[in-house]
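Residues per chain are reported as follows:
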Amino acid sequence: ALPLTRLEFDLLVALAERPGEVVSKQDLMRRVWGYSGRVTRTRTVDSHASRLRRALLDAGSGATTIVNVWGVGYRLMVADSEDAA
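Numbers given to residues run from 1 along each chain, matching the order in which its sequence is written. Residues qualify for local features only when their pLDDT is at least 70, as the model is predicted, and side-chain atom pairs are given and counted only at 80 or more; totals for whole chains, interfaces and linings, by contrast, use all residues. Computation of side-chain values covers all heavy atoms of the structure but excludes hydrogens and water.

1. Comments concerning helix α3 (residues 44-58)
Strands here are runs of E lasting at least two residues and helices are runs of H or I lasting at least four, both read from the DSSP assignment and numbered beginning at the N terminus. To estimate the expected span of a helix, count its residues, drop one, and scale the result by 1.5 Å. A rise of 1.5 Å per residue sets the reference length of α3, with its 15 residues, at 21 Å; its end C-alpha atoms lie 21 Å apart and thus fit the reference within 8%. Every buried residue belonging to α3 is among V45, D46, H48, A49, L52, A55 and L56, and all of these are buried. Looking one or two residues past α3, G60 carries a phi angle of roughly 85°, positive in sign. Categorising residues by exposure relies on relative accessible area from a 1.4 Å probe, with only protein chains included: less than 20% of the type maximum marks a residue as buried, more than 50% marks it as exposed, and the intermediate range marks it as partly exposed.

2. Thoughts on the environment of G37
Relative to the helices and strands, G37 is located in the loop between α2 (25-33) and α3. Along the chain, G37 and Q26 lie 11 residues apart, while their C-alpha atoms are 8.7 Å from each other. Not counting residues up to four positions away in its chain, the partners in contact with G37 are Q26 and R30. We call two residues contacting when some pair of their heavy atoms lies within 4.5 Å.

3. Section: the pattern of salt bridges
Throughout this description, the term salt bridge denotes a Lys or Arg side-chain nitrogen within 4 Å of a carboxyl oxygen of Asp or Glu. Summed over all chains, the structure comprises seven salt bridges. Among the salt bridges present, the one from D10 reaches R6, with a minimum N-O distance of 3.0 Å. One end of the pair, D10, and the other, R6, are both in helix α1 (residues 6-16), four residues apart, so they sit about a helical turn from each other. On the basis of relative accessibility, which here comes to 25%, the residue D10 falls in the partly exposed class. Since its relative accessible area comes to 58%, R6 is described here as exposed. A salt bridge links R31 to E17; its shortest N-O distance comes to 2.2 Å.

Put into structure tokens, the structure is as follows:
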């Protein structure tokens, strides 16, 4: 079990639906937080991504990493099962 808030879980789902792809902060703000316009200068996504990254690491999920792509958004990197073997 991984103790996550609803928003952390929704963020993980949004990233997991497109593993390895960069998901823009704008897209995450729309999908997770329900914002409908252009959102500027907020650290909401960054704060939640940081907490989610920490929760995944604390749970021992070293093969899963949430990577910040500076100025764009985030991507979920998941090691292939072949790489882990």
